[in-house]
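Chains, contacts and geometry: an overview
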Amino acid sequence: MLSGAPGPIGIFDSGYGGLTILHGIRQLLPQYDYLYLGDNARAPYGDRSFDVVYEFTRQAVVRLFEMGCHLVILGCNTASAKALRTIQQNDLPKLDPERRVLGIIRPTVEVIGSITQSRHVGIFATEGTIKSQSYNLEIHKLFPDIQVSGVACPFWVPLVEYNEASSPGADYFVKKRIDQLMSLDSQIDTIILGCTHYPILLPKIHKYIPRNIQVISQGSYVALSLLHYFERHPNIEQRCTCGGQVHYLTTENPTKFKESAQLFLHEDVQVENITLS
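Because the structure is predicted, anything quoted here is derived from the model rather than measured.

1. Considering the overall build of the protein chain
For the protein chain, the count of helices and strands is 13 helices and ten strands. Here the C-alpha radius of gyration of the protein chain, 18 Å, is about what a compact globule of 277 residues would show, namely 19 Å. For the protein chain, the spread of C-alpha atoms along the principal axes amounts to about 55 × 40 × 35 Å. A buried classification covers 56% of the 277 residues belonging to the protein chain. If you take every contact in the protein chain between residues at least 6 apart in sequence, the share linking residues at least 24 apart comes to 78%. Counting every atom, the protein chain has about 12,100 Å² of accessible surface; 51% of that belongs to carbon and sulfur. Charged side chains of the protein chain number 24 positive and 27 negative; the gap between the two group centres comes to 3 Å.

Below you can see the structure in the form of structure tokens.
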């Protein structure tokens, strides 16, 4: 069993996309310490099997626990879809029943009912998240009247990670998926960006999306959900240190992470390399 003194809030992602979640949380809750871990060496997770995503995510959670985190947020839709429930139900009771692991799908879904007027919602996400049907299932639990259509966007993450999000070539891939989604359901009035990389593509998305459609980016909603979570669970909040510091870890080259992180955070970061197993 793990235990110990209060520590930072852990944020885990397979790569860089979780930085949009970290940014959103820090905007609302800057007073806490954060420890960000990107498994960049094994990214992307989007097309990996449930078993592999679960194992990789479990390794990251264990490492963040060992580094003092009492709360870990899976800032990755694929990990939230494929690993969260198993970790919560099977691993936490053995590792430390007092610690918590949260995902980012449920906080996003909770706001949808108050946003959509047509009750038709679209999802852009990785292939793994779309195949998992996680958004469909969570939305129908809370809002059974809402129609959900999802489209996988396999080229969107590479566009972001290779710094091509603003390039003319990105227009083709963005417009193609928007057209595909709208052909599935022309009544969609709300679209969830179900991958944390996708907010970097928002200028292109807004260029081709019909003007009546609202696009939901997850960072601010996850942050608000965390604030409410702390209000309901002060015992967890008290285990999170408040120094306003952020530390970054990557399983890949720290220099590459540092360069790419600037696309998401627009600030200089210090990065440490670690291994997961």
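2. Section: the sheet that holds strand 7 (residues 190-193)
The strand order across the open sheet built from four strands is 6-5-7-8, with neighbouring strands paired in parallel fashion. Two strands bound the open sheet, and with one partner strand each, they are strand 6 (147-152) and strand 8 (214-216). Ignoring which end each strand starts from, the neighbouring axes of this sheet average 20° apart. Sheet topology places strand 5 (residues 120-125) next to strand 7; four bridges connect them, and they run parallel. Considered in strand 7, the bridge of G122 is made with I191.

3. A closer look at the packing of aromatic side chains
Per the counting criterion, the structure on display carries 13 aromatic pairs. Each ring, one from Y16 and one from F264, has its centre 6.1 Å from the other, and the planes form 20°; the classification is stacked. Taken together, the residues Y16 in the loop between strand 1 (9-13) and helix 1 (18-28) and F264 in helix 13 (residues 254-265) connect sequence positions 248 residues apart. Judged on exposure class, the residue Y16 and its partner F264 are both buried. Where Y36 meets Y248, the ring centres are 6.2 Å apart and the plane angle is 50°; that geometry is what we call tilted. In this pair, Y36 is assigned in strand 2 (residues 34-38) and Y248 in strand 9 (residues 246-250), connecting sequence segments 212 residues apart. Each of the two residues, Y36 as well as Y248, counts as buried. Through successive ring pairs, a cluster of aromatic residues spans Y16, Y36, Y248, F257 and F264. When the ring centre of F50 is taken as reference, the NZ or CZ atom of K82 above it lies at 5.2 Å.

4. What about helix 4 (residues 84-95)?
Helix length check: helix 4, at twelve residues, gives a terminal C-alpha distance of 14 Å against a target of 16 Å (1.5 Å per residue), a shortfall beyond 12%. All of the buried residues in helix 4 are L84, I87, D91 and L92. Down the axis of helix 4, the smallest arc covering the buried residues is 105°, so these residues share one side. Residues of helix 4 that are exposed and point more than 90 degrees away from the buried face comprise Q89 and K94. Against the buried residues of helix 4 lie helix 2 (50-66), strand 3 (71-74), helix 3 (77-82) and strand 4 (100-102).

5. Some details on the pattern of salt bridges
Side-chain pairs of opposite charge can arise where the charged atoms are in close proximity. According to the stated counting rule, one finds 16 salt bridges in the structure shown. Among the ionic pairs, D268 bridges to K258, the shortest N-O distance being 3.7 Å. On the criterion of sequence distance, the pair formed by D268 in the loop between helix 13 and strand 10 (271-273) and K258 in helix 13 is long-range, its members being ten residues apart. For K258, a relative accessible area of 28% corresponds to the partly exposed category. Members of the salt-bridge network, linked through shared partners, are R85, R106, E110, E138 and K141.

6. Focus on the side chain of R42
On the secondary structure map, R42 appears in the loop between strand 2 and helix 2. A residue is classified by how much of its surface remains accessible, and R42, at 17% relative accessible area, is buried. In terms of polar contacts, R42 uses its side chain to reach the side chain of D39, at 2.8 Å. Residue contacts for R42: discarding those within four places in its chain leaves R48, F56, Q59, T251 and L276.

Calculation rules
- By convention here, each chain's residues receive numbers from 1 onward along its written sequence.
- Totals for whole chains, interfaces and linings use all residues, but because this is a predicted model, local features are given only for residues with pLDDT of at least 70 and pairs of side-chain atoms are given and counted only at 80 or more.
- Excluded from the side-chain calculation are hydrogens and water; included are all heavy atoms of the structure.
- Secondary structure follows DSSP: runs of H or I at least 4 residues long count as helices, runs of E at least 2 residues long count as strands, and numbering of each begins at the N terminus.
- Both definitions apply: the radius of gyration is a C-alpha atom measure, and the globule rule equals 2.2 Å times residues to the power 0.38.
- Burial classes: relative accessible area under 20% of the type maximum marks a residue as buried, over 50% as exposed, and values in between as partly exposed (1.4 Å probe, protein chains only).
- The contact criterion used is simple: two residues touch if any of their non-hydrogen atoms lie within 4.5 Å.
- All accessibility values rest on the Shrake-Rupley procedure with a 1.4 Å probe; residue burial counts only the protein chains present in the view.
- Neither His nor the chain ends contribute to the count of charged residues, in which Lys and Arg are positive and Asp and Glu negative.
- In this description, the location of a charge corresponds to atom NZ of lysine, CZ of arginine, CG of aspartate or CD of glutamate.
- At least two DSSP bridges between two strands are required for those strands to pair.
- For every element, the axis is a line fit to its C-alpha atoms; helices are fit only across the contacting stretch, and the angle between N-to-C directions ranges from 0 to 180 degrees.
- A pair of aromatic rings is counted whenever rings of Phe, Tyr or Trp (Trp by its six-membered ring) have centres within 6.5 Å, and the orientation is called stacked for planes under 30 degrees apart, edge-to-face for over 60 and tilted otherwise.
- Distance and angle both matter: a charge sits over a ring if NZ of Lys or CZ of Arg is within 6 Å of the ring centre and within 35 degrees of the ring normal.
- Helix span, expected: 1.5 Å multiplied by one less than the number of residues in the helix.
- Arc definition: directions from the helix axis to the C-beta atoms.
- Salt bridges are defined by distance alone: a side-chain nitrogen of Lys or Arg within 4 Å of a carboxyl oxygen of Asp or Glu.
- Think of a polar contact as two N or O atoms within 3.5 Å of one another; within protein, one of them needs to be a possible hydrogen donor and the other a possible acceptor, and neighboring residues in sequence only count if both atoms come from side chains.

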